[in-house]
Amino acid sequence: MNVPLQPAHGICRSSRRWPRWRNPTLNAIPRPGTGWALLAAAILAGLLQRSVLGRVHVPVRAWQLPLDAAESLARMIVSYIASLLFAISVGVYAARNQRAERIILPILDILQSIPIVSFFPAALAVAAALFGGGRLGMELSAVVLIFTSMAWNMAFSVYESLRMMPPQTMEAAESFGIRGVQRFFAITLPVCIPGLLYNSIVSWAAGWFALTACEILTLGNQNVTLPGLGSFLGEAVNSRHPILYNILGAGTLMAVVLMLEFFIWRPLAVWAERFKYEMSVSTLSRDHRGILGWYQNGRLPRLAMDFVVHPLNRATSAFIRRLHGTAGSIILPRVEVVRPMVRVWNASQRTLGWLVIVVLVIGGGYFTWHVIAGGVSPMARNIPVAIGLSYLRILLAYLLSLAWVIPTVVWARNHPRILRMLSSVSQSLASMPPIALLFIVVSVFVRHLNLGRHWGVELACLFLLMNGVQWYVLYNMLGGISKIPGDLIEATDAMGLSRMMKFKKLILPAILPSLFTGTITAFGGGWNTLIFSESISYANHYYHVLGIGWLLDVASVGNNPPIATGKPLPDGQSSSLLLLGVASLILLIVILNRFVWKRLQAWAVDRFRLDY
Amino acid sequence: MLLKLENISKVYQSDGPPATILANLNINVDAGQFVCFVGPSGCGKSTTLRLINGLLPPTTGKVYFKDKPLSGINLQCALVFQNFALLPWLTVTQNVLLALEARGMQLPAAKKRAAYYIDKVGLDGFEAAYPRELSGGMKQRVGIARALSVEPELLLMDEPFSALDPLTSINLREELLDIWADPNLAVSTVIMVTHNIEEAVELADRVVLIGGRPGRIIADIEIALARPRHKNSEEFSRYVDSIFSLMAEI
């Protein structure tokens, strides 16, 4: 008999009740806040070590791993907080302001689907110019790089959540005079939470994934290595014991990711259930156990409410009333009533918008001219072929991923525990920087299989690409499969449909929207991985295949992982190659997304929606 | 006179050609009346309700509340929504409190008030429940408690019973009449939008029939029936039939 799934929930949720096999661990935790305390202690240790020892470059040493992990974690947290603030402010702004929406949305859309790693040289140059080349400047630059791989999808999700909100909610709020900070905390923020949570998990994975590239910074001819897990992994490959250090580093990263999953994301996912906008009657058990209880009943959240949120609410509503001269009055003016202010605000916005566009166009034009004038490398002629080959590789990795993910997910549909486990696995493996897998890849595919050097590297590249693609596919498919309503499955069972028919008539159509949504993210992950997988530097050997990832790696020579192409390009030529490569890559991705995937996605969502 | 709509028209200007929803609407409502707006769907009933609340500005004409022209959201009105419009992440009490806090009420007083009205609509014992744990009828009770708790002089209801099953809506209608008749409760004037003619005849002192495109007033009928009203009585059916035939002519 099929156990009907609980009604539509994203996959980032965990069960409502803690599964039995995890109970002992949870019960053993003395206080719910322990997870936070542990995290805080780890971070403090990292910061302390940094300030006491103040080292910048050290040889790889295993005993320092926990501290390295703490430092990386601290960097990730700072970047995440910045991303969160960015996402909320930009997302809310775009959802509220139509003019802003038209500018912000396409930018976010492009930024979240292109390989952000290829922007690192440019972003780094800007950040270093802003913050200086000192230790603090370098730290800030690393934070900026991590930020660029975290922020965009989160901002997009805030915007989408606000646009998907039932219009009656805002109307009700307005009719009861709910405004300002009160509206932000009672409506705007809660509406965004489920989407924000799901995207936070994706963003953290993206951040870990790019960590190596963020912690080994290349400025000109100089390599600056910030101590951390990413740089540990980056240097492990060319150290004396590559396999040992690689395994140690990857294991530590895995431990950190899983710890975050269990102490932060899972409880948050249970908690976020309540912010889902579905009014259908369901039996949500209010689980006060474990860490979740801390969020709900803990002293700190309550203090925050009593001393920050509530007073702010009261102060702003009083302020709004005074502003309109309506303290104690019965009519709350529409916001538009303050016409002159609105006009000034709109005008200044318009001017600012144009200013930004003009600066971008002129700056971009000057930059392009400057770079091209530096000389175009003959390698640039390879760009079209390279992009084509790379695209074929990603496509193959994507199809291979689908080939195992769909049967797995369909099979796991009836086993909630396995579904949950798969989502943890996909999340933690998606966090693995490709460099952490090099030891397997190189030793198996290149050294031990007798395929000849070219096909060995090709296979290694495919393997790494699979790792960058398949987890996104899995993650999205898990979300899709858990949204199939139980009654539809029961109905098809009752009709006596065969397995194949059921798959064709119910399951496949129901997961198609998630499939196409996942495709865009999966290809984004693929392009990102490309730069690390088409050129591999391992144990002082350099392997590569022709592709855009390799070209970009060559163009940012000296960029990590440190590679020995043997023939570094002249400085000007490398930046023009980088610019041309990145530009053609973005062009291809934008065109494909706009004209293929977005259309397929819109069609699938429209045709196979599950509400009617 | 509590409420006066004077020469109201409403034109929606979206991307396409402008759509005139209402044209030259004139309605007066006295304090203490129970008025139902009836009409086919899309005739502008709900738009009229939103103009009265001040959620939408009229394109031409003026809304007067207690002889003063309305230029914003009227906080002496409270609106009950067809689909409840509750916040799923707030408990019953928190949903009601939100409206009170928006009016700058201090928390202890607001809590007392919320508890009183939650009890009034028969939801005591469910204060800590979340909307998704409640049945449709109970959700609408929360919506009504939220509206009553701000002690409005004018209660506006936008098809409050049409998302509910028949039995639940019968019960809630009776309770609504009790609340309306209760001298201890502030609400004395109700304007309700419905497309159910029997419901209108059962509840209202006065049925305003709106119809046509753009919407205008077709008929304004006094329901001179003693309360409690019996659906099976001959007079009741006569009212229902006459409104039906008027609506059929639109």
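Because the structure is a prediction, the values reported are computed rather than measured.

If you tally the helices and strands in chain B, you get seven helices and eleven strands. Taking 18 Å as the expected radius of gyration for a compact globule of 250 residues, we find that chain B reaches 18 Å, a close match to that expectation. Referenced to the eigenvectors of the C-alpha coordinate spread, the extents of chain B come out at roughly 50 × 45 × 35 Å. Here chain B, with 250 residues, has 56% of them falling under the buried criterion. Looking at chain B alone, contacts between residues at least 24 apart form 70% of all its contacts between residues at least 6 apart. For chain B, the accessible area works out to roughly 10200 Å², and carbon and sulfur atoms hold 51% of it. Across chain B, 24 positive and 28 negative side-chain charges occur, with their mean positions spaced 6 Å apart.

Scanning chain A from N- to C-terminus turns up 22 helices and five strands. Sequence-distant contacts in chain A: of pairs separated by 6 or more residues, those separated by 24 or more amount to 79%. Accessible area of chain A: about 28400 Å², with a carbon and sulfur share of 69%.

Turning to the pattern of salt bridges, a few remarks are in order. A complete count under the given rule lists 20 salt bridges over all chains for this structure. Its salt-bridge partner being E101(A), residue R163(A) comes within 3.1 Å of it at the nearest N-O pair. A residue pair is termed long-range when its members are at least 10 positions apart, and R163(A) in helix α6 (residues 135–164) and E101(A) in helix α4 (residues 98–113) qualify at 62 residues. Across the pair R173(B) and E202(B) runs a salt bridge, and its minimum N-O distance is 3.2 Å. In this pair, R173(B) is assigned in helix α5 (residues 166–181) and E202(B) in helix α6 (residues 197–203), connecting sequence segments 29 residues apart. Owing to a relative accessible area of 5%, R173(B) belongs among the buried residues under this scheme.

So, about a nonpolar patch on the surface. Residue and element names in this part refer to chain A. Taken together, the side chains of I103, I107, W354, I357 and V361 present a nonpolar region at the surface, about 490 Å² in accessible area. Every element with two or more residues in the nonpolar patch is listed here: α4 and α14 (339–373). The element contributing the most residues to the nonpolar patch is α14, with three residues. Along the chain, I357 falls in helix α14. Classification of I357 by relative accessible area gives partly exposed; the value is 34%.

Residues and elements named next belong to chain B. Covered by surrounding structure in strand β7 (residues 77–80) are C77 and L79 together with A78 and V80, the residues of both alternating faces. Alignment of β7 against strand β8 (residues 154–158), held across four bridges, turns out to be parallel. Its bridge partner lying in β8, C77 is registered against L154.

As a further point, take the side chain of N528(A). When you line up the elements, N528(A) lands in helix α20 (residues 499–533). Apart from the residues within four sequence positions on either side, N528(A) is in contact with P115(A), I116(A), V117(A) and F209(A).

Time to look at the nonpolar core. The tendency in soluble globular proteins is for nonpolar side chains to be buried side by side. One finds W208(A), I548(A), F34(B) and L155(B) to be the most contacted residues of the largest nonpolar core, which totals 220 residues. For this core, the element with the most residues is helix α18 (residues 452–481) of chain A, which contributes 16 residues. Look past the residues within four positions of I548(A) in its chain and what remains in contact with it is I383(A), A386(A), I387(A), S390(A), W527(A), L530(A), E534(A), G581(A) and L585(A). Within the second largest apolar cluster, 29 residues are counted, among which are V29(B), V35(B), L79(B) and I210(B).

Time to look at the sheet that holds strand β9 (residues 189–194) of chain B. All names here are of chain B. Strand order in the open sheet formed by six strands is β7-β8-β9-β3-β10-β11, and the pairing between neighbours is mixed. In the strand order of this sheet, the two ends are held by β7 and β11 (216–222), each with one partner. Averaged over all neighbouring strand pairs, the angle between strand axes comes to 20°, with direction disregarded. Running over the sheet, helix α4 (residues 136–149) touches β7 and β8 and is turned about 175° from β7.

Turning next to the sheet that holds strand β2 (residues 19–29) of chain B. All names here are of chain B. In spatial order, the strands read β2-β1-β4-β5; together these four strands make up an open sheet with antiparallel pairing. The sheet terminates laterally at β2 and β5 (68–69), the two strands that pair on one side only. Strand direction decides the pairing type here: strand β4 (residues 60–65) and β5, joined by two bridges, are antiparallel. Paired with Y64 across the bridge in β5 is P69. Its contacts with the sheet put helix α1 (residues 45–53) on β1 (3–12), β2 and β4, and the angle it makes with β1 is roughly 120°.

Turning our attention to the packing of helix α3 (residues 107–120) of chain B against α4(B). Residue and element names in this part refer to chain B. Two elements in contact, α3 and α4, have axes separated by 9 Å at closest approach and are oriented at 135°. Taken together, the axes of α3 and α4 are oblique relative to one another. Judged by the sense of rotation from one axis to the other, the crossing of α3 with α4 is right-handed. Seen from α3, the contacting residues are R113, Y117 and I118; seen from α4, they are A145, L148 and S149.

Residue and element names in this part refer to chain A. With respect to the helices, strands and loops of the structure, E534 is situated in the loop between α20 and β4 (535–538). Engagement of the side chain of E534 in a polar contact is seen with the backbone nitrogen of W550, the distance being 3.2 Å. Beyond its immediate stretch of four places on either side in the chain, E534 contacts S390, R393, C461, Y543, H544, V545, L546, G547, I548, G549 and W550.

Looking now at the packing of aromatic side chains. Under the counting rule described, the total for this entry stands at 21 aromatic pairs over all chains. Taking the centre distance of 6.0 Å and the plane angle of 55° together, the rings of W204(A) and W208(A) count as tilted. Placement of both W204(A) and W208(A) in helix α8 (residues 180–209) is noted, with a separation of four residues, approximately one turn of the helix. Just as W204(A) is buried, W208(A) falls in that class too. Relative to W597(A), the ring of Y398(A) has its centre 6.4 Å away and its plane inclined at 65°; by these criteria the two rings are edge-to-face. Highlighted residues: Y398(A) in helix α15 (residues 383–412) and W597(A) in helix α22 (residues 571–607), separated in sequence by 199 residues. In this structure, Y398(A) and W597(A) share a single accessibility class: buried. Its end group placed over the ring of Y64(B), K4(B) keeps NZ or CZ at 5.9 Å from the ring centre.

The next subject is the confidence of the model for chain B. Averaged over chain B, the pLDDT score is 87; the fraction of residues at 70 or greater is 99%. Interface confidence for the predicted complex, given as ipTM, is 0.73, next to a pTM of 0.75.

Each value, and the rule that gives it
Residues numbered from 1 in each chain as written. Chains lettered and ligands numbered in written order. Predicted model: local features only at pLDDT ≥ 70, side-chain atom pairs only at ≥ 80, totals over all residues. Heavy atoms only, no water. Helix = DSSP H or I, 4+ residues; strand = E, 2+ residues; numbered from the N terminus. Rg over C-alpha atoms; globule rule 2.2 N^0.38 Å. Buried < 20%, exposed > 50% of the residue type's maximum accessible area, 1.4 Å probe, protein only. Contact = heavy atoms within 4.5 Å. Areas by Shrake-Rupley, 256 points an atom, 1.4 Å probe, with all protein chains shown as cover. Lys, Arg positive; Asp, Glu negative; His and termini not counted. Charge placed at Lys NZ, Arg CZ, Asp CG, Glu CD. Salt bridge = Lys/Arg side-chain N within 4 Å of Asp/Glu carboxyl O. Patch = residues over 30% accessible without salt bridge, like charges linked within 9 Å, V, L, I, M, F, W, Y side chains within 5 Å. Pairing = 2+ DSSP bridges. Core = buried A, V, L, I, M, F, W, Y, C linked by side-chain atoms within 4.5 Å. Axes fitted to C-alpha atoms, helices over the stretch in contact; angles between N-to-C directions. Parallel < 35°, antiparallel > 145°, perpendicular 65-115°, else oblique. Left-handed = near helix turned anticlockwise from the far one by under 90°. Polar contact = N/O pair within 3.5 Å; in protein donor to acceptor, adjacent residues only side chain to side chain. Phe/Tyr/Trp six-rings, centres within 6.5 Å; stacked < 30°, edge-to-face > 60°. Lys NZ or Arg CZ within 6 Å of the ring centre and 35° of its normal. pLDDT = per-residue confidence, 0-100.

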